[in-house]
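# Remarks on the overall topology
Here's the letter readout for the chains.
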Amino acid sequence: MGVKKKKEMQVAALTICRQDLETLRSLADVEGKNLASLLLHCVQLTDGVSQIHYVKQIVPLLEKANKNGVCDPTIRSCLDILAGIYLSLSLKNPLKKVLASSLDDLPEFFLTEAAQSFTSRLQEDLDSTDLYSYRKVIDNLSSCMENFNLGRTSVSNLLKNVLHFLQKSLIEISEENRKFAGNHIVQTQLMNDLLVGIRVSMMLVQKLQDFQGIHLKISSSPIWQSMCGLLSIFTKFVSDDDLLQAVQSTSGLAVILFIKIMFHPPEKIPDLIGSLLLQSVDRTSIPEWFLTCCESLCGADVSPPALLFLCQGTLTMLDWQNGRMGPSGEALLLDTVHVLFTLSSQIKESTLEMFLSKILASWTNSAIHVLESSSPSLKNSLNGNSSIVGRLLEYVYTHWEHPLDALRHQTKIIFRNILQMHQLTVEESDSEKSDLATDRFIFELTQSLLRLEWHVKGKYLCLGCLVDYIGTEHILALAKTIPSQMLEVMGDQSLVPYASDLLETMFKNHKSRLKSQAVDSTWIDKWHETWVSPLLFILCEGNLDQKSYVIDYYLPKLLNCNPESLSYMVKILQTSADTKTGSFNTRGALGALMACLRTARAHGHLHSATDAWGTLVSSARIKQGLVHQHCQVRIDTLGLLCESNRSTEIVSTEEMRWIQFFITYNLNSQSPAVRQQICSLLRKLFCRIQESSQTLYKLEQSKGKHEPENDLTTQHPSLSLQQYKNFMSSICSSLFEALFPGSSYPTRFSALTILGSIAEVFPVPEGGVQTVYQLSHDIDFGRFQTLVECFTSTFEEVKILAFDLLMKLPKTVVQFQDSEKLQGLFQAALELSTSTKPYDCVTASYMLNLLIWQNALPSSLSAYVKTQQVACEDGDKSAAWVERNTLMVIKCLLENLEEEVSQAENSLLQAAASFPMYGRVHCITAALQKLSLK
């Protein structure tokens, strides 16, 4: 596999207006060493990456200028231009962040001047009246407050103007959005602008300290008035179902955040928000400004989506950590979940259901934070036996098989948090998980889950949470046969991922617990009995689907958890292999053994094949598997030999002997799927040979200088390379022997496909690259003739494979250079073309096509044309003339392929119309059609 070329970074170049450019030109010094010269050179570049280099030189240059103790007019003007450059850059341009970093590092002496410049330039942006330029101003406000001290200072200086701009822009954009009702493209952009504007408003009040000061205490101040105006806008947005739900949702966050910032005293905020959610606001006890701003939320007709988004804002924007909101916060927490339960029965729209599930999960997180330092009364309200937890479980059971993946994931989070909530509500002395396993709530919950049918997918997710919570042993104590039950379920493809994931969670947890409690190594016997023995039973006795899914999903996870279990598996299966060898319909213990070994090697648990055979399984077992009656056993055994997690692993001598043994008996498989698998696995083996040979060549070169220790091979690299070469030659000999006249279609298909893989994997070396084998070196005239004879097969696929293989051979092969042999091949093609049998004509077309691809047809054609001129004197002159004309058209086409293809083909078709021997014209036309696609 080639090395992926790293993509070059693309940065849009910064530009400045004509007036600023003229200013820089007038301020640049002759030597080109002042800041104006640096900026002038920077802005004249067209490459943004190069401009970054110049921007980074600003601070070092100003540090030198700072020694004078004076900020001269030149620097002041340059700082003003830099502020303009920053505000002109797009939000995603890397230059913006680089410039912000440089400006924050300015010498302290220049910060005041820079802040004044930024404030002035930002004020110009805020004065904009173009609605479609508002988004850029909003983006600039966002970037100024995001890790940019100078920008934050400028925003703070203009706080009144910024708030007024945000209020004005949100109103105008929403009105513009209403005008374009029905134009979804424009509306989507405008609503996205609204969304960004709301987020920036929230960022403003969260990041600037000004909102904690005197401004909010003076109800007549411009800042207070703007805050009230923004809160009114957010209140309107959260109830506007014509807006995107993302806009409504974010508005709900903003409403709660602004209430939190503006309402005093803070202790009464939970009660106020609780009355909003319960739609029970006492208008006589709330401030006038609140009633004015949030009047639409103070009634009893608030829409379910608006309530939902207010719940989200409550859980997100209020501080639930460490019980900081006190008893009123606990009451608000309970009120919020009751509102959510009510909404869950009212909301049916899928995206709102998704919002609700996320908000419920968020509620459980908030509940956990509060419970960590809550009062006993709240713990009683949220323990496992409470009505709230009961309704949460009901929600989980109702939605754990919802069509939306994300919603199902939220139900898992809710269930896991329920367990943690219950743990926090029990007495301290009972908080250990070992005691919780016998807790009544946990016990009944586990029992109820175990009683459910295994086709209920949500059952697996919840049992997985319980395993993490109380451990596998407590679940096994209630249902000892769970491993076997889940392995039985794995015959159903739709349940396989759920069952395998739960099994993995359980056996990992079980191993960890047993290992931590054990005083010796006997714990592994119990683990094997629980998790490995049911697996071996399925592999030996289960149905086809069960075995396949268990091998693909469960077995690799088990071996990854405990690789040492492979020895246990092999020992048990070896013992059973003599009595349960399997048959044509069953794999038996031998099939299970080969599947285990193959999986182990493919996942890197058998690092040395030779060692594995000596310690795990005998050579006789391998051979038995290679010729087993059941095709899958043969495939698994071959896969064991061919597959490895390391592409450069050396192929051992014993492996090569077994592969040769396999090829001898398995080329004639009647199953197309089995043939494909055989060819694919052997291709993997050839790739391993090719890649490991490159390692051996390098090792051979290094051994010429010194003798390093290496674990790749125990013998000299040159000997291993020679064994590779001999093995490949032997394989090719066996494959060509299988192509004898009269051999079956399956045999020919397998042999030709494998030979084609060899030709591809071991290409003709170029550029000094060494290759351990070349198929062309083993092609003599007899084998060339064997491949050509495959053209006579009645199966089109055999013809194609043989032709493709010949095309992969280099033109330097002697058979392509022998004019007499080529002439004979051409003569045979023309004779076959006169046959009345269609497949003979197709055979002739492949022969002609072969000659065309090897640029060998024109010379053969010329010789044949001369022969026909002599022969036509005594024969049918009309027919001979047409034949000669046809051959000349072919010659013309071949010699002038690029210029006269269409003209020559038309002439050929005209000749064919009057030519009595249709077969010959048909085959030649077919060959030329293939040629025209070349």
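Just so it is clear, the structure is predicted and the values come from calculations on it, not from any experiment.

If you tally the helices and strands in the protein chain, you get 46 helices and 0 strands. By sequence separation, contacts in the protein chain at least 24 residues apart represent 71% of the contacts at least 6 residues apart. Surface accessibility of the protein chain: about 43200 Å² in total, with carbon and sulfur atoms responsible for 52%.

Turning our attention to the environment of leucine 544. Position of leucine 544 relative to the elements: it lies in helix H29 (residues 544-561). Owing to a relative accessible area of 54%, leucine 544 belongs among the exposed residues under this scheme.

Right, let's talk about the confidence of the model for the protein chain for a bit. Across the protein chain, the average pLDDT comes to 85, with 83% of residues at or above 70. Contacts of residues 429-434 to residues separated by more than four positions or lying in other chains number 9 contacts, the stretch itself having pLDDT below 50. Between residues 708-712, whose pLDDT stays under 50, and residues either more than four places distant or in other chains, the model counts 8 contacts.

Right, let's talk about the side chain of serine 757 for a bit. Summarising the element assignment, serine 757 is placed in helix H38 (residues 745-761). Overall, serine 757 belongs to the buried group, its relative accessible area being 7%. A polar side-chain atom of serine 757 sits 3.4 Å from a polar atom in the side chain of arginine 683. For serine 757, the contacting residues outside a window of four places in its chain are Arg683 and Phe686.

Scanning the model with the defined rule gives 24 aromatic pairs in all. Considering the side-chain rings of tyrosine 86 and phenylalanine 148, the 4.9 Å spacing of their centres and the 45° angle between planes classify their relative orientation as tilted. Here tyrosine 86 is found in helix H5 (residues 73-88), whereas its partner phenylalanine 148 is found in the loop between helix H8 (134-145) and helix H9 (149-157), with 62 residues between them in sequence. The two residues tyrosine 86 and phenylalanine 148 agree in class, both being buried. When the centroid spacing of 6.2 Å and the interplanar angle of 40° are considered together, the rings of tyrosine 460 and tyrosine 498 count as tilted. Of the two residues, tyrosine 460 is situated in helix H24 (residues 457-470) and tyrosine 498 in helix H27 (residues 496-517); the sequence distance between them amounts to 38 residues. Since its relative accessible area comes to 2%, tyrosine 460 is described here as buried. A relative accessible area of 21% places tyrosine 498 in the partly exposed class. Members of the aromatic cluster, connected to one another through ring pairs, are Trp224, Phe263, Trp289 and Phe290.

A word on the state of the cysteines. Considering all chains together, one arrives at 0 disulfides under this definition. Its sulfur unpaired, cysteine 462 is 6.0 Å from the next cysteine sulfur, which belongs to cysteine 465.

In this section: the environment of tyrosine 549. Within the secondary structure, tyrosine 549 is located in helix H29. Distance in space between the C-alpha atoms of tyrosine 549 and glutamine 493 is 7.6 Å, their sequence separation being 56 residues.

In this model helix H37 (residues 717-737) runs 30 Å from its N-terminal to its C-terminal C-alpha over 21 residues, within 8% of the 30 Å that 1.5 Å per residue would give. Among all positions in H37, only Pro717, Ser720, Leu721, Tyr724, Phe727, Met728, Ile731, Cys732, Ser734, Leu735 and Phe736 are buried.

Throughout the structure, instances matching the rule amount to 23 salt bridges. When the shortest N-O distance is used, the salt bridge between aspartate 20 and arginine 121 registers 3.2 Å. Note that aspartate 20 is positioned in helix H1 (residues 18-27) and arginine 121 in helix H7 (residues 108-126), a separation of 101 residues in sequence. For the pair aspartate 20 and arginine 121, a shared accessibility class is recorded, and that class is buried. Linking aspartate 80 and arginine 121 is a salt bridge whose minimum nitrogen-to-oxygen distance equals 3.0 Å.

The subject of this paragraph is the nonpolar core. Grouped together as the largest cluster of nonpolar side chains are 291 residues, with contacts concentrated most on Trp363, Ile758 and Leu775. The element best represented in this core is helix H18 (residues 350-371), accounting for 12 residues. Excluding residues within four positions of it along the chain, tryptophan 363 makes contact with Leu315, Leu333, Thr336, Val337, Leu340, Leu382, Ile388, Leu392 and Met421.

Right, let's get into helix H40 (residues 796-808). A rise of 1.5 Å per residue sets the reference length of H40, with its 13 residues, at 18 Å; its end C-alpha atoms lie 19 Å apart and thus fit the reference within 8%. Of all the positions in H40, only Val798, Lys799, Leu801, Ala802, Phe803, Leu805 and Leu806 are classed as buried.

We now examine the environment of phenylalanine 803. Looking at where phenylalanine 803 falls in the secondary structure, it is placed in helix H40. Overall, phenylalanine 803 belongs to the buried group, its relative accessible area being 8%. In this structure, the C-alpha to C-alpha distance between phenylalanine 803 and methionine 847, residues 44 residues apart in sequence, is 8.6 Å.

With that out of the way, let us pick up the side chain of arginine 601. Residue position: arginine 601 is located in helix H31 (residues 588-602). A distance of 2.7 Å separates a polar atom in the side chain of arginine 601 from the backbone oxygen of leucine 640.

Evaluated as defined, the whole model comprises 2 cavities of 30 Å³ or more. Its boundaries defined by the atoms lining it, the second largest cavity holds a volume of some 40 Å³. In terms of lining, the second largest cavity is formed by Leu14, Leu39, Cys42, Val43, Val55, Ile58, Leu82, Ile85 and Leu99. Here the element with the most residues in the lining of the second largest cavity is helix H2 (residues 35-43); it accounts for 3 residues. By residue class, the composition of the lining of the second largest cavity is 9 nonpolar, no polar and no charged.

Across the junction of histidine 264 and proline 265, the peptide omega takes the value 0°, indicating a cis bond. Notably, asparagine 147 is not glycine yet its phi reads approximately 55°, a positive angle. For asparagine 147, the location among the structural elements is in the loop between H8 and H9. With a phi angle near 55°, glutamine 279 is a residue other than glycine that sits in the positive phi range. When you line up the elements, glutamine 279 lands in the loop between helix H14 (269-277) and helix H15 (288-293). Overall, glutamine 279 belongs to the partly exposed group, its relative accessible area being 27%.

Looking now at the packing of helix H11 (residues 184-207) against helix H12 (residues 222-238). Taken N-terminus to C-terminus, the directions of H11 and H12 make an angle of 135°; their axes are 12 Å apart at the nearest point. Judged on the interaxial angle alone, H12 and H11 are oblique. Of the two possible hands of crossing, H11 and H12 adopt the one that is left-handed. Two secondary-structure elements touch here, H11 through Leu194, Ile198, Ser201 and Val205 and H12 through Met227, Leu230, Phe234 and Phe237. Its residues placed into classes, the contact of H11 with H12 shows 7 nonpolar, 1 polar and no charged.

Here is what the cut-offs are and how they apply
- Residues numbered from 1 in each chain as written.
- Predicted model: local features only at pLDDT ≥ 70, side-chain atom pairs only at ≥ 80, totals over all residues.
- Heavy atoms only, no water.
- Helix = DSSP H or I, 4+ residues; strand = E, 2+ residues; numbered from the N terminus.
- Contact = heavy atoms within 4.5 Å.
- Areas by Shrake-Rupley, 256 points an atom, 1.4 Å probe, with all protein chains shown as cover.
- Buried < 20%, exposed > 50% of the residue type's maximum accessible area, 1.4 Å probe, protein only.
- pLDDT = per-residue confidence, 0-100.
- Polar contact = N/O pair within 3.5 Å; in protein donor to acceptor, adjacent residues only side chain to side chain.
- Phe/Tyr/Trp six-rings, centres within 6.5 Å; stacked < 30°, edge-to-face > 60°.
- Disulfide = S-S within 2.5 Å.
- Expected span 1.5 Å × (residues − 1).
- Salt bridge = Lys/Arg side-chain N within 4 Å of Asp/Glu carboxyl O.
- Core = buried A, V, L, I, M, F, W, Y, C linked by side-chain atoms within 4.5 Å.
- 1 Å grid on protein atoms, 1.4 Å probe; cavity = no way out; pocket = protein on both sides within 12 Å on 5 of 7 lines; lining within 4 Å.
- Points joined across faces, edges and corners; volume = space filled by probe spheres on them.
- Nonpolar A, V, L, I, M, F, W, Y, C, P; charged D, E, K, R; others polar.
- Axes fitted to C-alpha atoms, helices over the stretch in contact; angles between N-to-C directions.
- Parallel < 35°, antiparallel > 145°, perpendicular 65-115°, else oblique.
- Left-handed = near helix turned anticlockwise from the far one by under 90°.

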